[in-house]
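Given next are the chains, with one letter for each unit.
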Amino acid sequence: MNYKQQRPDKAYIWVNIDFDKVKYRIDAVTCQIERVIEKHQISNQTGQSSKINN
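Since we're looking at a predicted model, the values are computed, not measured. (Residues numbered from 1 in each chain as written. Predicted model: local features only at pLDDT ≥ 70, side-chain atom pairs only at ≥ 80, totals over all residues. Heavy atoms only, no water.)

Draft legend 1. The overall build of the protein, seen in detail. When you go through the protein residue by residue, the secondary structure sums to one helix and zero strands. When each of the 54 residues of the protein is scored for burial, the buried share is 0%. (Helix = DSSP H or I, 4+ residues; strand = E, 2+ residues; numbered from the N terminus. Buried < 20%, exposed > 50% of the residue type's maximum accessible area, 1.4 Å probe, protein only.)

If you want it as structure tokens, here you go:
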């Protein structure tokens, strides 16, 4: 019934990582996030201006 005794305290995972691919992917995702933020800011600005005009 005591699960703590069955689980090891530490687990080590050895992974081969191609850092160039990881960096490329991070850059791609960052670029997408920046585009979404820019679109959001533009839509907020147009939304606020239309509220002011009404």
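Draft legend 2. Representation of a nonpolar patch on the surface. A surface patch of nonpolar side chains, about 630 Å² in accessible area, is lined by I13, V15, I17, F19, V22 and I26. Relative to the helices and strands, I17 is located in the segment before helix 1 (19–53). (Patch = residues over 30% accessible without salt bridge, like charges linked within 9 Å, V, L, I, M, F, W, Y side chains within 5 Å. Areas by Shrake-Rupley, 256 points an atom, 1.4 Å probe, with all protein chains shown as cover. Salt bridge = Lys/Arg side-chain N within 4 Å of Asp/Glu carboxyl O.)

Draft legend 3. Inspection of the pattern of salt bridges at higher detail. All chains considered together, the criterion is met by one salt bridge. For K23, the salt bridge goes to D27, with nearest N and O atoms at 3.0 Å. Taken as a pair, K23 and D27 lie in helix 1 at a separation of four residues, close to a single helical turn. Under the relative-accessibility criterion, D27 is labelled partly exposed at 39%.

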